[in-house]
Amino acid sequence: PPPPDPPTPQHSSAASDVYKRQALIPARSGSKRVPDKNIRPLAGHPLMAYSIAAAVQSRIFKAVIVSTDSQHYADIAEHYGAEVPFLRPAQIAGDTSPDIEWVEHTLGQLCNDGQDYEYFSILRPTSPFRLPETIQRACKEFLAAEGVDSLRAVEKCQQHPGKMWVVRGNRMMPLLPMGPAQQPWHSSQYPSLPEVYVQNASLEIARTRVVFEDKTIAGNVLMPFFTKGSEGFDVNSEYDWQLAEDMVQKGEAALPEVTQPSYV
């Protein structure tokens, strides 16, 4: 039978484009700095619930798929409305496994099952303050651009690489030695340094072909997506977690609305 009609996107993208896009949410179970951070409760729900909710409520994806190596994580993901059609093999779920491994595995398995998508978006659970509107804005910018392979969320760096050093024994040298000799970057005030942006974990959008043709998740031509406020906040340490809880409690950051009852 033909598939059901997709939901109408809230932005100007054609409804038919929904069939071409999928959200991929990576949620492996072996986190060391914050154990089980992807399912750790934040404001009453597991952390991954907010990325699933944002993806579903953005109404721009045909499928919202969680890639995990844990059946327990899979059960939680399905409770909150995501699909987990298969588990990620343990050999590509380690703390040093590159993204290209699980992305290629996921897209390859889906393709073998007859699910072929033109674009994919990576939405990492560690960015709980990414809202549906954030995803919609990024998708709109990506679809409006020409000749790009991917879009990646960035923000202006707080610690400038012009003030970073590489240490060798008891000697060190500037990481970026390109500054003027008369006024090297490491001895300059931040406002006088060239603007540098750092990627954050909020989101990435890419054409599926770059995974199979170039064996990367980004391709060769990337465009920036400038996150605003807490959209790019990333939870990667206990300090980050405490800060996230504090931001929620004080109303300094908004979480996507989760309509399902809390997973027990």
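Residues numbered from 1 in each chain as written. Predicted model: local features only at pLDDT ≥ 70, side-chain atom pairs only at ≥ 80, totals over all residues. Heavy atoms only, no water.

(A) Region of the structure containing the overall build of the protein chain. Of the regular secondary structure elements, the protein chain holds six helices and 10 strands. In summary, the protein chain has a C-alpha radius of gyration of 20 Å against a globular reference of 18 Å for 264 residues, a match within 12%. Principal axes of the C-alpha set define a box for the protein chain whose edges measure 70 × 40 × 40 Å. Sorting the 264 residues of the protein chain into buried and exposed places 47% on the buried side. Considering only contacts within the protein chain whose residues lie at least 6 apart along the sequence, 75% involve residues at least 24 apart. (Helix = DSSP H or I, 4+ residues; strand = E, 2+ residues; numbered from the N terminus. Rg over C-alpha atoms; globule rule 2.2 N^0.38 Å. Buried < 20%, exposed > 50% of the residue type's maximum accessible area, 1.4 Å probe, protein only. Contact = heavy atoms within 4.5 Å.)

(B) Expanded view of the environment of serine 202. Following the sequence through the fold, serine 202 ends up in strand 9 (residues 197-207). What makes serine 202 buried here is its relative accessible area of 0%. When the C-alpha atoms of serine 202 and alanine 54 are compared, they prove to be 11 Å apart, with 148 residues separating the residues in sequence. When near neighbours in sequence (up to four residues on either side) are disregarded, serine 202 contacts Ile122, Leu123, Arg124, Ser127, Arg130, Thr134, Ala153, Thr227, Glu231 and Gly232.

(C) A look at the pairing of strand 7 (residues 165-168). Where strand 7 and strand 8 (residues 171-174) come together, four bridges link them in antiparallel fashion. Paired with valine 166 across the bridge in strand 8 is methionine 173. Between the antiparallel neighbours strand 7 and strand 8 lie two residues, among them glycine 169 with a positive phi of about 65°. (Pairing = 2+ DSSP bridges.)

(D) Structural context of the pattern of salt bridges. On inspection of all chains with the given rule, the structure shows 11 salt bridges. As a salt-bridge pair, aspartate 95 and lysine 32 come within 2.9 Å of each other at their nearest N and O atoms. Placement of aspartate 95 in the loop between helix 2 (71-79) and helix 3 (99-112) and of lysine 32 in the loop between strand 1 (21-26) and strand 2 (41-42) is noted, with a sequence separation of 63 residues between them. Take lysine 32: its relative accessible area is 61%, and that puts it in the exposed class. Residue arginine 124 pairs with glutamate 204 through a salt bridge whose shortest N-O separation is 2.9 Å. Of this pair, arginine 124 sits in the loop between strand 5 (119-122) and helix 4 (132-144) while glutamate 204 sits in strand 9, and the two are 80 residues apart along the sequence. In this pair, the class of arginine 124 matches that of glutamate 204, namely buried. Overlapping salt bridges, with partners in common, bring together Asp99, Arg124, Arg152 and Glu204 in one network. (Salt bridge = Lys/Arg side-chain N within 4 Å of Asp/Glu carboxyl O.)

(E) Structural view of the side chain of serine 188. Within the secondary structure, serine 188 is located in the loop between strand 8 and strand 9. In this structure serine 188 comes out as buried when scored by relative accessible area, which is 6%. A polar atom in the side chain of serine 188 sits 2.9 Å from the backbone oxygen of proline 184. (Polar contact = N/O pair within 3.5 Å; in protein donor to acceptor, adjacent residues only side chain to side chain.)

(F) View of the environment of glutamate 204. The exposure class of glutamate 204 is buried, given its relative accessible area of 7%. Remark: the alpha-carbon pair of glutamate 204 and glycine 229, spanning 25 residues in sequence, is separated by 17 Å. If near-sequence neighbours (up to four positions away) are discounted, glutamate 204 is found in contact with Phe120, Ser121, Ile122, Arg124, Leu151, Arg152 and Ile217.

(G) Local environment of the sheet that holds strand 9. Read across the sheet, six strands follow the order 4-1-5-9-6-10 without closing on themselves; strand pairing throughout is mixed. Because the sheet does not close on itself, it has two edges, and the strands there are strand 4 (63-67) and strand 10 (222-226). When strand polarity is set aside, the average angle formed by the axes of neighbouring strands in this sheet is 30°. Sheet contacts for helix 3: strand 1, strand 4 and strand 5; angle to strand 1, the most-contacted strand, approximately 135°. (Axes fitted to C-alpha atoms, helices over the stretch in contact; angles between N-to-C directions.)

(H) Structural context of the packing of aromatic side chains. Throughout the structure, instances matching the rule amount to three aromatic pairs. Taking 5.8 Å as the distance between ring centres and 90° as the angle between the ring planes, the aromatic pair formed by tyrosine 119 and phenylalanine 142 counts as edge-to-face. Remark: phenylalanine 142 occurs in helix 4 and tyrosine 119 occurs in strand 5; sequence separation between them is 23 residues. By relative accessible area, tyrosine 119 is classed as buried at 9%. For phenylalanine 142, a relative accessible area of 1% corresponds to the buried category. Here phenylalanine 129 and phenylalanine 233 contribute two aromatic rings whose centre-to-centre distance is 5.8 Å and whose plane-to-plane angle is 55°, an arrangement assigned as tilted. On the criterion of sequence distance, the pair formed by phenylalanine 129 in the loop between strand 5 and helix 4 and phenylalanine 233 in the loop between strand 10 and helix 6 (238-249) is long-range, its members being 104 residues apart. What makes phenylalanine 233 buried here is its relative accessible area of 15%. The ring of tryptophan 241 has arginine 40 sitting right over it, with the charged end atom 4.6 Å from the ring centre. (Phe/Tyr/Trp six-rings, centres within 6.5 Å; stacked < 30°, edge-to-face > 60°. Lys NZ or Arg CZ within 6 Å of the ring centre and 35° of its normal.)

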